[in-house]
Amino acid sequence: MYDFVVVGAGPAGSRFSRRAAERGYDVLTAERGEVGKPLACSGHVSTDIWEFAPEGAREDLLQNEVYGARFHVGGPGSDDYPFYKREVVSNVIDRVGLDRRLAEAAREAGADLRENHSVSAVEEKRDHVEVTANAPDGTETFEARMVAGCDGPVSRVRSELGLPDPGEKLQGVLAFSEEDDPGDYVDVHLTAPRFFAWRIPRGDSGVEYGLAAPPGSDPSAKELFSEFTAEYDVETSHFCAGMIPVGPAESVTSRRGFLVGDAAAQTKPFTGGGILYGMTAADHAAREIDPERPGTLQDYEEAWREDLSTEIRLGHWIRKAYSLPEGVQKVGLSAFSGEIGVHMDKPTSFFSKEHLKKLLSGS
């Protein structure tokens, strides 16, 4: 009998596994394939990521340092509106490598990590859960006091527990060119319907191109991506696609189960990024949930929402600006561009003393 079966060894799942194991709990972590593959997420992250990563990870995983972003209302040849800091704003990293380092940290803390274990069923009993997985040697069933669904936007655990879906899902696509670009800025294009496209320099590791759009959009996200890279006149490879959940449901817990990370839509509505939010929620889960006391699941609900709900709510308002008329976007970008005091993961920082000082000084 495990204390927790954790389904998914992405950043949220590995972070929870590590923290729960460090607290003395017996943890089994099931990853449906090989950790980190297939890649379905951008490698552009805030510098806060290193607070969650093992010692030495930055030296091994860092590909480029970013000081700001150039926003475009049109394509690559359109006017740009720069937003920047004089210090590093964000990092570009080896995204697959991050997953592997986080998973290894969980294993070193005592978690039993099983790759190539695809969960097919979750059944809640009165005093435990049964988790069934298809494994290399056949079907296996594990018993635990609780199950943690950290298995991404299309979560099998969420479905098996009967928990509600996120408010919205976007189709994200990305690929890479072989350009050698150590540039200091990412480029953001407000051209994809209800979201945006991006170009991220990765130093000598190439350039990442990507975009997201609502499923069923016409043109499709893949077609929009082809048009976008054609405008940049680049050839890309290692094409990746995945869903981006936006908007957490009213509940991410059941009787003996809970969701963390993309499975819970703990993401930034204005970028789709969820690495930092997911690992922050994982820390709350490890701290608040006692597998022998199901009532503590509500403590987790309250803790992560108190920490992240305001950021997510303000993130929805930022997202609305992507769909404003082009003329309004240009006026707004022109008015606010320049040096900023904003943290890329925290919309509340727009109201910080640092940022308001930058705005009032006209920097």
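Residues numbered from 1 in each chain as written. Predicted model: local features only at pLDDT ≥ 70, side-chain atom pairs only at ≥ 80, totals over all residues. Heavy atoms only, no water.

Note on soluble globular proteins: their nonpolar side chains tend to be buried together. By size, the foremost hydrophobic cluster in this structure holds 44 residues, and its most contacted members are Phe4, Phe16, Val147, Phe258, Val260, Ile289 and Tyr300. When neighbours within four sequence positions are excluded, phenylalanine 16 is seen to be in contact with Phe4, Val6, Ala148, Phe258, Ala282, Ala285 and Ala286. The next biggest cluster of nonpolar side chains, apart from the first, holds 24 residues, and it includes Phe83, Trp198, Phe270 and Tyr322. (Core = buried A, V, L, I, M, F, W, Y, C linked by side-chain atoms within 4.5 Å. Buried < 20%, exposed > 50% of the residue type's maximum accessible area, 1.4 Å probe, protein only. Contact = heavy atoms within 4.5 Å.)

Under the criterion given, the structure shown has 14 aromatic pairs. Taking the centre distance of 5.5 Å and the plane angle of 90 degrees together, the rings of phenylalanine 4 and tyrosine 25 count as edge-to-face. Of the two residues, phenylalanine 4 sits in strand E1 (residues 2-7) while tyrosine 25 sits in the loop between helix H1 (11-22) and strand E2 (27-30), which places them 21 residues apart along the sequence. Judged by its relative accessible area of 22%, tyrosine 25 falls in the partly exposed class. (Phe/Tyr/Trp six-rings, centres within 6.5 Å; stacked < 30°, edge-to-face > 60°. Helix = DSSP H or I, 4+ residues; strand = E, 2+ residues; numbered from the N terminus.)

Take the pattern of salt bridges next. Per the counting criterion, the structure on display carries 27 salt bridges. Between glutamate 179 and arginine 199 there is a salt bridge; the shortest N-O distance is 3.2 Å. Of this pair, glutamate 179 sits in the loop between strand E12 (168-177) and strand E13 (185-189) while arginine 199 sits in strand E14 (residues 197-201), and the two are 20 residues apart along the sequence. Of the charged contacts, one joins lysine 268 and aspartate 345 as a salt bridge, the two residues approaching to 2.5 Å between their closest N and O atoms. (Salt bridge = Lys/Arg side-chain N within 4 Å of Asp/Glu carboxyl O.)

With respect to burial, E12 is a largely interior element, eight of its ten residues being buried. Of the pairings in the sheet, the one linking E12 to strand E16 (residues 237-246) comprises eight bridges and is antiparallel in character. In the sheet register, valine 173 faces E16, and the bridge partner there is alanine 241. For E12 and strand E15 (residues 207-213), the ladder comprises seven bridges, and the chain directions are antiparallel. (Pairing = 2+ DSSP bridges.)

Mapping glutamate 124 onto the fold places it in strand E9 (residues 118-124). Given the relative accessible area of 15%, glutamate 124 is considered buried. For glutamate 124, the side chain forms a polar contact with the main-chain nitrogen of arginine 255, separated by 3.3 Å. A polar contact of 2.6 Å, which involves the side chain of glutamate 124, links it to the backbone nitrogen of arginine 256. When sequence neighbours within four positions are dropped, the list of residues in contact with glutamate 124 reads Val129, Leu161, Ser254, Arg255, Arg256 and Gly257. (Polar contact = N/O pair within 3.5 Å; in protein donor to acceptor, adjacent residues only side chain to side chain.)

Each α-helix turn comprises 3.6 residues. Residues three or four places apart therefore point the same way. Here helix H7 (residues 296-320) is 25 residues long and its end C-alpha atoms lie 35 Å apart, about the 36 Å a rise of 1.5 Å per residue gives. Along H7, the helix axis deviates most sharply at leucine 308, where the bend reaches about 45 degrees. Inspection of H7 places Thr296, Leu297, Tyr300, Glu301, Ala303, Trp304, Leu308, Glu311, Ile312, Gly315 and Arg319 among the buried residues, and these make up the whole buried set. Looking at the buried positions of H7, the neighbouring elements they touch are strand E11 (138-149), E12, E16, strand E17 (257-259) and helix H6 (275-288). (Expected span 1.5 Å × (residues − 1). Bend = angle between axes of the 7 residues up to and from the residue.)

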